[in-house]
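What follows is the residue order along each chain.
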Amino acid sequence: MTKDMTSGNPLKLIIGFAIPMFLGMLFQQFYSMVDTVIVGKFLGVGPLAGVGSTSSLNFLVIGFCTGVCNGFAIPVSQMFGAKRDSELRRFVANSAWLCVIFSVVITTAIVACCRPLLTLMHTPEDIFAYAYVYIVIIFLGIPTTFLYNVTAAIIRSLGDSRSPVVFLAIASGINIVLDIVFIVAFHMGVAGPALATVISQGISGLLSLFYMKKKFEILRISKEEWKMRGSYMKTLCYMGIPMGLQYSVTAIGTLVIQAAINGFGSMTVAGVTAAQRINAFISCPIEAIGATMAPYSGQNMGAGKLDRVGKGLRDASLLGFVISAVLFVFVLLTGKQLSLLFLDTADAQVVAYSYQFLVFTAAGYCLLVLVNTVRFTIQGMGFSVFAITSGVLEMIARSLAGLVVVPLIGYTGICLAHPMAWIFADAFLIPAFFYCKKKIVGLYK
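Residues numbered from 1 in each chain as written. Predicted model: local features only at pLDDT ≥ 70, side-chain atom pairs only at ≥ 80, totals over all residues. Heavy atoms only, no water.

## Concerning the nonpolar core
Across soluble globular proteins, nonpolar side chains show a tendency to be buried alongside one another.
Stage number 1. Among the nonpolar cores identified, the biggest contains 73 residues, and Y365, I378 and M381 are the most heavily contacted of them.
Stage number 2. Filtering out sequence-adjacent residues up to four positions away, Y365 remains in contact with N279, I282, S283, I286, S324, L327 and W422.
Stage number 3. Grouped together as the second largest cluster of nonpolar side chains are 62 residues, I106, M121, Y134 and I218 included. (Core = buried A, V, L, I, M, F, W, Y, C linked by side-chain atoms within 4.5 Å. Buried < 20%, exposed > 50% of the residue type's maximum accessible area, 1.4 Å probe, protein only. Contact = heavy atoms within 4.5 Å.)

## A closer look at the environment of A260
Stage number 1. Residue placement: A260 occurs in helix α9 (residues 230-262).
Stage number 2. Judged by its relative accessible area of 15%, A260 falls in the buried class.
Stage number 3. Those residues within four positions of A260 in sequence are excluded, and the remaining contacts are G402 and I414. (Helix = DSSP H or I, 4+ residues; strand = E, 2+ residues; numbered from the N terminus.)

## Quick word on the packing of aromatic side chains
Stage number 1. Scanning the model with the defined rule gives 13 aromatic pairs in all.
Stage number 2. Measuring from centroid to centroid gives 5.8 Å for F386 and F428, while their planes differ by 35 degrees, and the two rings are tilted. Taken as a pair, F386 in helix α15 (residues 385-409) and F428 in helix α17 (residues 417-444) lie far apart in primary sequence, 42 residues in all.
Stage number 3. Through pairs of rings, three or more aromatic residues link up here, namely F383, F386, F428 and Y435.
Stage number 4. Stacked on the ring of Y132, the Lys or Arg R115 has its end atom at 4.1 Å from the ring centre. (Phe/Tyr/Trp six-rings, centres within 6.5 Å; stacked < 30°, edge-to-face > 60°. Lys NZ or Arg CZ within 6 Å of the ring centre and 35° of its normal.)

## Some words on the packing of helix α2 (residues 45-52) against helix α5 (residues 125-140)
Stage number 1. Contact geometry for α2 and α5: axes closest at 7 Å, N-to-C directions at 50 degrees. When the interaxial angle is binned, α2 and α5 end up oblique. α2 and α5 meet at a crossing whose hand is right-handed. For the pair α2 and α5, contact is made by G46, P47, A49, G50 and V51 and by I127, Y130, A131 and Y134, respectively.
Stage number 2. Across the contact of α2 with α5, the residue classes tally to 7 nonpolar, 2 polar and no charged. (Axes fitted to C-alpha atoms, helices over the stretch in contact; angles between N-to-C directions. Parallel < 35°, antiparallel > 145°, perpendicular 65-115°, else oblique. Left-handed = near helix turned anticlockwise from the far one by under 90°. Nonpolar A, V, L, I, M, F, W, Y, C, P; charged D, E, K, R; others polar.)

## Observations regarding a nonpolar patch on the surface
Stage number 1. A contiguous nonpolar surface patch, about 660 Å² in accessible area, is contributed by W97, V100, I101, V104, V105, W226 and M228.
Stage number 2. Mapped onto the elements, M228 comes out in the loop between α8 (191-215) and α9. (Patch = residues over 30% accessible without salt bridge, like charges linked within 9 Å, V, L, I, M, F, W, Y side chains within 5 Å. Areas by Shrake-Rupley, 256 points an atom, 1.4 Å probe, with all protein chains shown as cover. Salt bridge = Lys/Arg side-chain N within 4 Å of Asp/Glu carboxyl O.)

## Focus on the side chain of R375
Stage number 1. Here R375 lies in helix α14 (residues 365-380).
Stage number 2. Beyond its immediate stretch of four places on either side in the chain, R375 contacts Q246, L370, S390, G391, E394, A425 and L429.

## As for the pattern of salt bridges
Stage number 1. Summed over all chains, the structure comprises 9 salt bridges.
Stage number 2. Between D4 and K83 there is a salt bridge, and its shortest N-O distance comes to 3.1 Å. A residue pair is termed long-range when its members are at least 10 positions apart, and D4 in the segment before α1 (10-43) and K83 in the loop between α3 (55-82) and α4 (85-120) qualify at 79 residues.
Stage number 3. What makes D4 partly exposed here is its relative accessible area of 29%.
Stage number 4. Take K83: its relative accessible area is 52%, and that puts it in the exposed class.
Stage number 5. Within the structure, one salt-bridge network assembled from shared partners comprises E224, K227 and R229.

## Re the confidence of the model for the protein
Stage number 1. Summarising the model, the protein shows a mean pLDDT of 88, and 96% of its residues fall at 70 or more.
Stage number 2. Mean pLDDT per element in the protein: α1 is the minimum at 81, and α4 is the maximum at 95. (pLDDT = per-residue confidence, 0-100.)

## Describing helix α6 (residues 142-157)
An α-helix turns once every 3.6 residues. As a result, residues three or four positions apart point the same way.
Stage number 1. Helix length check: α6 (16 residues) gives 22 Å between terminal C-alpha atoms against 22 Å at 1.5 Å per residue, within 8%.
Stage number 2. A large share of α6 lies buried, amounting to 14 of its 16 residues. (Expected span 1.5 Å × (residues − 1).)

## Regarding the side chain of T123
Stage number 1. As for its position among the elements, T123 is in the loop between α4 and α5.
Stage number 2. For T123, a relative accessible area of 8% translates into the label buried.
Stage number 3. Reaching out from T123, the side chain makes a polar contact with the backbone oxygen of L118 at a distance of 2.9 Å.
Stage number 4. Look past the residues within four positions of T123 in its chain and what remains in contact with it is S53, L118, F128, A131 and N262. (Polar contact = N/O pair within 3.5 Å; in protein donor to acceptor, adjacent residues only side chain to side chain.)

Now the structure itself:
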């Protein structure tokens, strides 16, 4: 049930691992996409804008949780590559304890802060109630976010990227059914898709946990290995918290951009919301290639095969460049039609907002490729702290776009925010990789 990525052709291994990751991300996007389509078609532009206006805040918190879980899996992949099974199980056990602690603390704190945060973001009054109801329910489901993401990350760290896809497929089907039932049959408004998302994610997490316990002999944890150990928790936090903060720090910049978007009114918010959903969906291949590099580089680092890390990064980046070019052409040809899937109106201005945002973002996908492949490679090598620096640079770029560029050139400044952020991150990450490689070579010597 495991996959050793320390031998064999790097590109072949990366593609074989990334394809299931890509499918899994598609199913994850179904959660958001189906919510958006049903809200837009059945509830209208106002509720759609309300749900969309929470995307940055959602990313700030849920991104932190996801990043922490992915970070917890890095020592697991390194121990797997080094064939140190008992230590691997101790890292898994202490990851579980930390996830329980984090989920309780984060849920309690963030739910209490939702209303002030939405106010700080200048959420328009006509969509404030929609935004508040939706995001509070999503945040009450943070424990299910931890459950799924940590179990899926551990499974992937052992080389199995396929099994979580099956669980997400099941959960995606449940999510679609619950969306329709809650909105159309029970008339629950925006609370319906939020509740459907939490329930379906909880189901996928439980399925992953059950599968992990039953199918992975290497994860049969003894009573002794279940004990909480400070040294293991310290290592896990060193890996996980920087990865989580990288997402959150990046999200601060998106909050600035969201506030700028909100300032243009609900029609602009609706257009950008549709574009962001499409972007999240079609950029999945790039995200999957990047996410593959963490377990790949982690296993090879554990095995002491640094040369394979560099070869894998090169091959993954070249593959990503080809995919980014194809996606850009796809957006140019179909962007307007895709936008209409998420809107209950054919208003030309709303569609124009969506299309312009999509084109500018897709033009920067080649930059996004390097952000993902290099960042996750560095993290798999054990230098998670660098993730914070790249996140800070993305935050600075998006903040500059929202606070300086938008007042100068208007809506186009919003469209430039993502490419600017990726340029700033790449300018740091590329030399950072060579620094990390040099440092590791020195340690080996």
